[in-house]
Amino acid sequence: MNNLISVITPAENNEKYINTALESLRNQKYTNFEVLVLHSDIEALKSIVNDEYLNDDRYRFINTPADIYVGATRNIGIEQAKGAYLYFLDSDDYIAENMLQLLHESIGEFPMIRGRMKTTDFSTSSVIILPGTNKIKMYSNRRYNLLRSESAINYLISKNFIDKMNLRFSEQFKTYSDLTFMVPLMEEIDIVPYAEEAIYFRRRGNDPINNPTLRQSSLEQLTPDLFGVYNQLRSDNMSEEGRKYLDDKLLNFYRKRLVSEFRDDTTIDYYFSSLVESINKIDPDRLKNKDFILKNDVKVIKSNNKRRFRKLSNFNHFLRDIKNGITSRRGRKDLIYKRVFNYMKLKDNLVVFESFQGKSYSDSPKYIYEYMLKNKSNYNYVWVMNNSNKIPGNPKTVKRNTLRYYYYIARAKYIVSNVRMPNKYIKRPEQSYLQTWHGTPLKRLAGDMDNVHMPGTNAERYKKNFNRETDKWDYLIAPNQYSADIFRRAFWFNNTMLPTGYPRNDILTNQNDEDTINRLKRINHIPTNKKIILYAPTWRDDEYFKVGKYKFNLKLDLHRMKEQFGDEYIILLRMHYLVASNMDLTGLEDFAYDVSSYSDVSELYLMSDILITDYSSVFFDYANLRRPILFFTYDIEKYQGQLRGFYIDMETELPGPLLMDNNEVMDAIQNIDAVCEKYEDRYNEFYERFCSWDDGRASEKVVDAMFEK
Ligand code: C2G
């Protein structure tokens, strides 16, 4: 008997990590294997595969038709496999080097054996090696426990056994098709060994919007597939374990996923008949230990009375909201927001403005508001402000996340914000939500991020929440074509893009004059007889005290700067709004000023003569002034490599030099005229590309687009 193992690896939509998967096979202690890599554009895939695999005939690259689902792809693999065993490995995963050996050594006469699964993220790139002492557990009555992951990956399966059963994957289902292979197999087998030390590393899906894993697929996809698979497999001739497995899968899906979607009647209409068909097959005993609500739901579904079910479902939701409302303060707020405020009539002339989560009166919302104040008479305004702050026109102010806040965001016809609203915000269909965003992106944004290093989240959750938010945006401002292109993709944005430039930059065009600049300096007690350096760095995803409060280690040598430039310059230190560190400025009086709490950074730009920054979007705006920009990028390798990645090449596309230490910073300031001359051409190109939409009329254009003239 041949001992060849055929590893079947579909690579569609998951090309990026294929070399890691193949590397983990190359490192196997058990070498008698072939790999069938399947893709609908195999030539394109081969172009990213390392040569060593292309030149090794154990690696077989097979072209598959386009537009087939993974079940059909795997079937092609099975047809072409030459081995005595099959093993399914997905192209974005990898296995420990003893995997095939341990499975092969332990399968004996059993038709199938399973290895252990570990979840990993996207930062792990090299293949992990584990020592192997092969502990085997036997699963008989509980063998369906092994199928909790619903997946066909990570089993070594006798090909002969599959051929005898004539078993293949069902090809019409995009999701859950693994069950159509695995459930019949489990039914034929009494005992499945489980090798505890054979580890399969499964990457957590980090792109739930564009490339969802099975679990992350949309409900519109999952629901008909689950019903379809359930109805195809579920029969009374199955083993008790098999029936229980499928029934529980259906009930859990109903409970955890479907019920929350049944807030709206059209969803119920859509799924009701399939739901009835499936629920009718469930063993009545299965409900014995379930709670009253589920039992009652099932009873009403079985009565096949859609109207009654709709009523029940609405009532259940109401009960749940009430229950949350009684048990916590937060729940009470949610209840009133959802069940009361959201049913009140919209106020057609009310606009809510919010900038950086109520932290300041600033950014594009400020300039849009001031334009409206001057040019529109028939609107009322609410500003979200967490601290008292004098705002022209005396609008109502509310603190973020209070009950009053929810009152206004429920009733205002218009919402204007520059960052994300709370996840809880329910966008009413008649509301208009303008997202101004807060900068031309340098660092990778939302959907373009591979890893998320912020506390309290991961890429999957981050992107899901982010996508839920961007779905609510009706209008989005683009400061330049470059941003418009990135926003469409990274925000999954399909609504109205306003190609207007940034309202916050209007003053950089309209008020770039000596009178304004001196007036601003005087109001803020900043000397008018010295030149000004503005230091405005960004935040670091991985340096924080707690969620939302970031640290900043000031690396600039201020004492040295004071000594050398104190007669000619002062420096304004401007930390990012997410940074919570306090700076110690003793000994730096009359030279360094902490302007972190100054509300409007555009005014700081106007006052300053040189900008020092790093990876912050501030330089895109500052370039409107055509004044010198220096980049203090002491941690560029870490920032670019591990944390975010950039959209543009910092080395070749920026309008100023990258400076790695204090010596270089001192030098550049000392020779600022020479620096400017050296970067003149680049600065011009940069200006054309990023600033040419900013013509001083962005606020006007945005207001015209969103409010009737
Ligand atoms: N900002 C500021 N002071 C700083 C840094 C930033 O006032 N020291 C303001 C600027 O208006 C800047 C905006 O906050 O344009 C965004 O800051 P970034 O440093 O670019 O970082 P981030 O908040 O992560 O946003 O598409 C833009 C990106 O999402 C960046």
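Residues numbered from 1 in each chain as written. Predicted model: local features only at pLDDT ≥ 70, side-chain atom pairs only at ≥ 80, totals over all residues. Heavy atoms only, no water.

1. Digging into the pattern of salt bridges
According to the stated counting rule, one finds 42 salt bridges in the structure shown. When the shortest N-O distance is used, the salt bridge between E52 and R26 registers 2.9 Å. You can see E52 sitting in helix α3 (residues 51–54) and its partner R26 sitting in helix α1 (residues 18–26), a full 26 residues away along the chain. For R26, a relative accessible area of 35% puts it in the partly exposed group. The salt bridge involving K427 is made with D474; its shortest N-O contact spans 2.9 Å. Residue K427 is located in the loop between β13 (412–417) and β14 (432–435), and its partner D474 is located in the loop between α16 (459–470) and β15 (475–477); the two are separated by 47 residues in the primary sequence. Overlapping salt bridges bring together R234, D236, E240, R243, D247, D283 and R286 as one network. (Salt bridge = Lys/Arg side-chain N within 4 Å of Asp/Glu carboxyl O. Helix = DSSP H or I, 4+ residues; strand = E, 2+ residues; numbered from the N terminus. Buried < 20%, exposed > 50% of the residue type's maximum accessible area, 1.4 Å probe, protein only.)

2. Considering the domain arrangement of the protein
Annotation of the protein at the domain level lists domain 1 (5–211), domain 2 (220–327) and domain 3 (506–690). Summarising the inter-unit geometry, the C-alpha centres of domain 1 and domain 2 are found 32 Å apart. Across the contact, 17 residues belong to domain 1 and 16 residues belong to domain 2. Between domain 1 and domain 2 lies a buried interface of about 1,500 Å² when both sides are counted; carbon and sulfur atoms form 64% of it. When the buried area of domain 1 at its contact with domain 2 is split by residue, Y144, F173 and Y176 rank highest and sum to 36% of it. Of the charged contacts, one joins E241 and R143 as a salt bridge, the two residues approaching to 3.6 Å between their closest N and O atoms. Between domain 1 and domain 2 we count six residue pairs in polar contact (both at pLDDT 80 or more) in total. Of the residues in the side of domain 1 that touches domain 2, the class split is seven nonpolar, five polar and five charged. (Domains from an automatic or database assignment. Contact = heavy atoms within 4.5 Å. Buried area = accessible area lost by both parts, 1.4 Å probe. Polar contact = N/O pair within 3.5 Å; in protein donor to acceptor, adjacent residues only side chain to side chain. Nonpolar A, V, L, I, M, F, W, Y, C, P; charged D, E, K, R; others polar.)

3. A word on the site of the ligand
Neighbouring the ligand are 21 residues; W437, G439, T538, S616 and S617 lie closest to it. Here an oxygen atom of the ligand sits 2.6 Å away from a polar atom, N or O, in the side chain of S617. Out of a free accessible area of 600 Å², the ligand has 97% covered by protein chains. A per-class count over the shell around the ligand returns 11 nonpolar, seven polar and three charged. (Near = heavy atom within 4 Å. Areas by Shrake-Rupley, 256 points an atom, 1.4 Å probe, with all protein chains shown as cover.)

4. Quick notes on a nonpolar patch on the surface
A contiguous nonpolar surface patch, about 230 Å² in accessible area, is contributed by I136, M138 and I191. Of note, I191 is situated in the loop between α7 (177–188) and β9 (192–203). (Patch = residues over 30% accessible without salt bridge, like charges linked within 9 Å, V, L, I, M, F, W, Y side chains within 5 Å.)

5. Some points on unusual backbone geometry
For D363, which is not a glycine, the phi torsion comes out positive at approximately 55°. Residue placement: D363 occurs in helix α14 (residues 363–375). Assessed through its relative accessible area of 4%, D363 is described here as buried.

6. Concerning the sheet that holds strand β24 (residues 658–659)
Read across the open sheet, the six strands follow the order β21-β20-β17-β22-β23-β24; overall the sheet is parallel. The outermost strands of the open sheet, each flanked by one partner alone, are β21 (592–594) and β24. Judged from the two bridges that link them, strand β23 (residues 629–632) and β24 form a sheet pairing that is parallel. When the bridges of β24 are listed, F631 appears paired with L658. (Pairing = 2+ DSSP bridges.)

7. Quick word on the packing of helix α20 (residues 558–565) against helix α25 (residues 662–670)
Contact geometry of α20 with α25 gives a least axis separation of 11 Å together with a crossing angle of 25°. Between α20 and α25, the angle falls in the class roughly parallel. Crossing angle aside, the handedness with which α20 passes α25 is right-handed. Contacts from R560, M561, Q564 and F565 of α20 reach α25 at N662, N663, V665, M666, I669 and Q670. Here the contact of α20 with α25 is built from residues that sort into five nonpolar, four polar and one charged. (Axes fitted to C-alpha atoms, helices over the stretch in contact; angles between N-to-C directions. Parallel < 35°, antiparallel > 145°, perpendicular 65-115°, else oblique. Left-handed = near helix turned anticlockwise from the far one by under 90°.)

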